[in-house]
Amino acid sequence: MFEDMVTARYYEERLQEEYLEGKQPAFDISAGPIPGELHLAAGHEAAGIGVCHHLRDDDTVTAPHRPHHIAIAKGVDLKRMTAEIFGRETGLGKGKGGHMHLFDPDVNFACSGIIAQGCPPAAGAALAAKKRNTDAVAVAFLGEGAIDQGGFLESLNFAGVHDLPVVFVVEDNDWAISMPKERVTDVEDGSKRADGFAVHGERVEYDDVEAVHEAAGRAIGRARDGNGPTLLEVQVHRRMGHFMGDPQTYRPEADQEAATARDSIERLADTLRAHGVGEDELAESRKAAEERVDDAIAWAKEQPEPDPAAAHEDVWVNPPSGVTDEEPAFELAGGDD
Amino acid sequence: MATEGEERESEAGTVTRDLTMSRAMVEAIAHEMRANDEVFYMGEDVADYGGIFDSTQGLLDEFGHDRIMDVPISETAYLGAAVGAAQAGMRPIAELMFVDFFGVAMDQVYNQMAKNTYMSGGNVSVPMVLTAAVGGTYNDAAQHSQTLYGTFAHLPGMKVVVPSTAYDAKGLMHNAIRDDDPVVYMFHKRLMGIGWMPAPDGPKTPVPEEDYTIPFGKADVKREGSDVTVVTLGLHVHRALEAAGSLADDGVDAEVVDLRTLVPLDTETVVESVRKTGRLVVVDEDYRSFGVTGEVVARVADEALDSLDAVERVAAADVPIPYSRPLEDEVLPGTADIEAAVRDVAER
């Protein structure tokens, strides 16, 4: 888990560097090697990694617009994910999705850039697992700013009444862009929302990856054993702005400092040291993580940009006749009459 | 750039300054809020942040959190609440941060906001404004880059406004807030004058300090020409003007008509222009099929088929907006695409 934590953090730091290239001195969102918005997850690592450490490739994860740490923990191909973030042809989505919309069917990972809208598909993956009598589970990640969305609340209810093997993981970083948590909900403990649906709820008060791992183990175990859904809320922190370029003028400096001071990675390192892990071993893990990330970024940057003509492909897997210049690859229904 | 009628509507001798489109919008909103206690604004990140696209910059300082309301991320709740407050006689402005997010709350928009007046036999009015950012050109992919003009114009019951300049943005906003019907006010991110998304030169225009209204259903001829009529709106007004500038060097004189509102649509100005030029190019950043381009061409065909020598449509391809720069450039219409289409119809 330590190596995944370090990988995820270093990945965000390196992406930040790459993203800012070409966007200075006046920040222009459409300039530089990484186009579009970029939402970094530094400070969220414990939630993604503590939870996903229990998951297999056949378990499904849906992530929100801040997905990198979760993708790394789920085992998404780092090189192809990075190529996607750089908008390259060999990216996970051939450069069509970008950083908020990463799809890796090999490990059943998907994203949505729309708040809370990964929750219903996660319930659907859980429904499929249940119908097929497999013990696969699904996990939907969302932020605390998303817990007022119908898509989440309806999924929680749906999963509850159908006893679906799904875990909803709320990453509570206290901020929904500029909105502090206390101004979007009067319920401090988000996991209590589960009570209203007779679903099991649990909150981990601090982003201690060990504590998250334990709580997630209970939740995922419950789901795998056919005992239904869980709402798991994890307190994390937001070390950076909502998106790159966010001036954060709305945020008290003390809050920013507190978020940066509480470092889940240092906390885990201390725990490991207490368990007798040596500095050499920690340094090796860090080195391995950094090499892996640097390799992925270097590889991604060498990849070609997509051919513009490819923009017209992939709208369908089975394009209707007349959509492309090619002959339809199937017989039209209805025959000659 | 405004037509004579509007100049008359704004008081003579008025002080004007060059404003960005967002400042002009905010000025109109602030004016209406001072004049009428029933006007308030709500949306995500509109108070302390000032709107992700600067749509409410500075309003919190004057009006406080009671009238510039940040809301939880609950579009169904707050857009629906705007409908309810409007039906109770208030004049809410509710902002949908990205138009792409409409899906999570579309029932409140198209089944409640848009239809309650009709279903009540005209006994209920919904005097609200729904503002939303539209547009791509900055590589934000399929869920944050759409320009859904056609969707809202297609569904009956909403007036649909799309300003392209600061002058128009202010006059149309005054009119939108004062209108007794629901108005969808769609602003293109790239026209707002945000620091992190450079705007073209055009949208920053002189704007009078006083209030003035621009009536709905009145297109504006942004450039007069005799050879080809280019009908467009939003960001693409500026691209069409740029294209017209370089075409003029080659002796093709294009007229650029800015629709400004889609509902109601000023068919008359468009048809008048086509009767003069005989050639029509319709440009839209929304998807090509079942949208603005088809509608405009159909209306011109209805009214002036005899005058129509050549027609072309320039619109977004019928694919979700892709992320990667070369792919997005391929899909969204650019200045060169407009230029090519105008040349093409001019030669026919």
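Residues numbered from 1 in each chain as written. Chains lettered and ligands numbered in written order. Predicted model: local features only at pLDDT ≥ 70, side-chain atom pairs only at ≥ 80, totals over all residues. Heavy atoms only, no water.

Peer 1: Can you help me understand the overall build of chain B in this one?
Peer 2: If you tally the helices and strands in chain B, you get 13 helices and 14 strands. For a compact globule of 348 residues, the expected C-alpha radius of gyration is about 20 Å, and chain B comes in at 19 Å, within 12% of that figure. Taken along the three principal axes of its C-alpha coordinates, chain B extends 60 × 50 × 45 Å. Excluding contacts between residues fewer than 6 apart, the proportion of contacts in chain B whose partners are at least 24 apart in sequence is 82%. For chain B, the exposed surface amounts to about 12100 Å²; the carbon and sulfur share of it is 47%. Distance from the positive charge centre (27 side chains) to the negative charge centre (60 side chains) of chain B: 2 Å. (Helix = DSSP H or I, 4+ residues; strand = E, 2+ residues; numbered from the N terminus. Rg over C-alpha atoms; globule rule 2.2 N^0.38 Å. Contact = heavy atoms within 4.5 Å. Areas by Shrake-Rupley, 256 points an atom, 1.4 Å probe, with all protein chains shown as cover. Lys, Arg positive; Asp, Glu negative; His and termini not counted. Charge placed at Lys NZ, Arg CZ, Asp CG, Glu CD.)

Peer 1: When you look at the sheet that holds strand S14 (residues 310-316) of chain B in this model, what are you seeing that I'm missing?
Peer 2: In any sheet, the strands associate via hydrogen bonds between backbone groups, in a parallel or an antiparallel arrangement. All names here are of chain B. The strand order across the open sheet formed by 5 strands is S9-S11-S10-S13-S14, and the pairing between neighbours is mixed. Of all strands in the sheet, those with a lone pairing partner are strand S9 (220-223) and S14, marking the two edges. The average undirected angle you get between the axes of adjacent strands in this sheet is 25 degrees. Direction of pairing for strand S13 (residues 279-287) relative to S14: parallel, over a ladder of 7 bridges. By the bridge assignment, Val281 is partnered in S14 with Glu312. Each of strand S10 (228-232), strand S11 (254-258), S13 and S14 touches helix H13 (residues 335-347); the most contacted strand, S14, lies at about 170 degrees to it. (Pairing = 2+ DSSP bridges. Axes fitted to C-alpha atoms, helices over the stretch in contact; angles between N-to-C directions.)

Peer 1: Looking at this model, I keep getting lost on the interface of chain B and chain A. Mind explaining?
Peer 2: How big an interface is tends to be expressed through the accessible area that disappears when the partners come together. With 41 residues of chain B at the interface, the matching set in chain A holds 47 residues. Around 3400 Å² of area is buried between chain B and chain A when both sides are counted, 60% of it from carbon and sulfur atoms. Interface area lost by chain B to chain A is led by Ile73, Trp196 and Tyr323 of chain B, which between them contribute 21%. At the boundary of chain B and chain A, one finds 2 salt bridges. Residue Arg183 of chain A is joined to Asp48 of chain B by a salt bridge in which the shortest nitrogen-to-oxygen separation is 3.2 Å. Linking chain B with chain A are 22 residue pairs in polar contact (both at pLDDT 80 or more). Counting residues per element, the ones that place at least two in the side of chain B that touches chain A are strand S4 (91-98) and helix H12 (325-331) of chain B. Considering each element in turn, the side of chain B that touches chain A owes the most residues, 5 residues, to H12 of chain B. By residue class, the composition of the side of chain B that touches chain A is 23 nonpolar, 8 polar and 10 charged. (Buried area = accessible area lost by both parts, 1.4 Å probe. Salt bridge = Lys/Arg side-chain N within 4 Å of Asp/Glu carboxyl O. Polar contact = N/O pair within 3.5 Å; in protein donor to acceptor, adjacent residues only side chain to side chain. Nonpolar A, V, L, I, M, F, W, Y, C, P; charged D, E, K, R; others polar.)

Peer 1: When you look at the nonpolar core in this model, what are you seeing that I'm missing?
Peer 2: Grouped burial of nonpolar side chains is what soluble globular proteins tend to show. By size, the foremost hydrophobic cluster in this structure holds 168 residues, and its most contacted members are Met81 and Phe109 of chain A together with Phe53, Phe152 and Tyr185 of chain B. Not counting the four nearest positions on each side in its chain, Tyr185 of chain B is found in contact with Met25, Val129, Leu130, Thr131, Ala132, Val161, Pro163, Ala169, Leu172, Met173 and Ala176 of chain B. Ala116, Ala123, Leu142 and Phe168 of chain A belong to the second largest nonpolar core, which has 20 residues in total. (Core = buried A, V, L, I, M, F, W, Y, C linked by side-chain atoms within 4.5 Å. Buried < 20%, exposed > 50% of the residue type's maximum accessible area, 1.4 Å probe, protein only.)

Peer 1: For this particular structure, what's the right way to read the environment of Ala116 of chain A?
Peer 2: The topology assignment puts Ala116 of chain A in the loop between strand S2 (109-111) and helix H5 (119-131). In contact with Ala116 of chain A, other than residues within four places in its own chain, are Ala146, Gln149, Gly151 and Phe152 of chain A.

Peer 1: Looking at this model, I keep getting lost on unusual backbone geometry. Mind explaining?
Peer 2: Outside of glycine, negative phi angles account for most residues, and trans bonds account for most peptide bonds. With an omega dihedral of 0 degrees, the bond running from Val263 of chain B to Pro264 of chain B counts as a cis peptide bond. As for its position among the elements, Pro264 of chain B is in the loop between strand S12 (261-263) and helix H10 (267-277). A positive phi angle is found at Asp163 of chain A, which is not glycine, with a value near 50 degrees. The residue Asp163 of chain A is located in the loop between helix H6 (150-161) and strand S4 (166-172) in this model. By relative accessible area, which is 42% here, Asp163 of chain A ends up partly exposed. For Asp54 of chain B, which is not glycine, the phi dihedral falls at a positive 65 degrees.

Peer 1: What am I meant to see in the pattern of salt bridges here?
Peer 2: Side-chain pairing between opposite charges can occur once the charged atoms of the two side chains come close. Residues and elements named next belong to chain A. Across all of its chains, the model carries 50 salt bridges over all chains by this definition. Across the pair Asp255 and Arg251 runs a salt bridge, and its minimum N-O distance is 2.8 Å. Relative accessible area serves as the criterion here: at 25%, Asp255 is assigned to the partly exposed category. Each of Arg14, Glu17, Glu18, Asp294 and Lys301 takes part in one network of salt bridges that share partners.

Peer 1: What am I meant to see in the confidence of the model for chain B here?
Peer 2: Parts of the prediction with low pLDDT should not have their coordinates interpreted in detail. Considering every residue of chain B, the mean pLDDT works out to 94; 96% of them sit at 70 or more. Confidence over residues 1-10 of chain B falls short of pLDDT 50; this stretch has 25 contacts with residues more than four positions distant or in other chains. (pLDDT = per-residue confidence, 0-100.)

Peer 1: Looking at this model, I keep getting lost on the packing of helix H2 (residues 21-35) of chain B against helix H8 (residues 166-178) of chain B. Mind explaining?
Peer 2: A pair of packed helices is characterised by two quantities: the angle between their axes and the separation of those axes. Residue and element names in this part refer to chain B. Two elements in contact, H2 and H8, have axes separated by 8 Å at closest approach and are oriented at 30 degrees. In terms of their interaxial angle, H2 and H8 are classed as roughly parallel. When you trace H2 past H8, the crossing you get is right-handed. From H2, Met21, Ala24, Met25, Glu27, Ala28, Ile29, His31 and Glu32 reach across to H8, where they touch Ala166, Ala169, Lys170, Met173, His174, Ile177 and Arg178. Its residues assigned to classes, the contact of H2 with H8 shows 9 nonpolar, 2 polar and 4 charged. (Parallel < 35°, antiparallel > 145°, perpendicular 65-115°, else oblique. Left-handed = near helix turned anticlockwise from the far one by under 90°.)

Peer 1: Any chance you could explain the packing of aromatic side chains here in plain terms?
Peer 2: Each aromatic ring pair is characterised by the separation of its centres together with the angle its planes make. Applying the stated criterion to the full structure yields 10 aromatic pairs over all chains. A ring pair is formed by Phe243 of chain A and Trp196 of chain B, whose centres lie 6.0 Å apart and whose planes are at 55 degrees; its orientation type is tilted. Residue Phe243 of chain A is found in the loop between strand S8 (230-235) and helix H8 (253-261), and its partner Trp196 of chain B is found in the loop between strand S7 (183-188) and strand S8 (205-208); the two belong to separate chains. Aromatic ring contacts, followed pair by pair, group Phe243 of chain A together with Phe53, Phe98, Phe101 and Trp196 of chain B into a single cluster. For Lys23 of chain A, the ring lying beneath its charged end belongs to Tyr19 of chain A, and the centroid distance is 3.7 Å. (Phe/Tyr/Trp six-rings, centres within 6.5 Å; stacked < 30°, edge-to-face > 60°. Lys NZ or Arg CZ within 6 Å of the ring centre and 35° of its normal.)

Peer 1: Would you take a moment to explain a negative patch on the surface for this structure?
Peer 2: On the surface, Glu89, Asp307 and Glu313 of chain A together with Asp329, Glu330 and Asp337 of chain B cluster together to form a negatively charged patch. Its location among the elements puts Glu313 of chain A in the segment after helix H10 (279-302). (Patch = residues over 30% accessible without salt bridge, like charges linked within 9 Å, V, L, I, M, F, W, Y side chains within 5 Å.)

Peer 1: Help me out: how do you make sense of the pairing of strand S7 (residues 200-204) of chain A in this one?
Peer 2: Looking down a regular strand, the side chains alternate between one sheet face and the other. Taken together, the 5 bridges between S7 of chain A and S8 of chain A define a ladder with parallel strand orientation. Bridge assignment links Arg203 of chain A to a residue of S8 of chain A, and that residue is Glu233 of chain A.

Peer 1: What am I meant to see in the sheet that holds strand S1 (residues 60-63) of chain A here?
Peer 2: Residue and element names in this part refer to chain A. Pairing is parallel in the open sheet, where 6 strands are placed in the order S2-S1-S3-S4-S8-S7. Every other strand in the sheet has two partners, leaving S2 and S7 as the edge strands with one partner each. Averaged over neighbouring strand pairs, the angle between their axes works out to 20 degrees when direction is ignored. Looking at chain direction, S4 and S8 are connected through 6 bridges and run parallel. In the sheet register, Phe168 faces S8, and the bridge partner there is Leu231. Sitting on the sheet, H6 touches strand S3 (138-143), S4 and S8, and the angle it makes with S4 is about 150 degrees. Across the sheet, helix H7 (residues 209-224) touches S4, S7 and S8, and the angle it forms with S7 is around 165 degrees.

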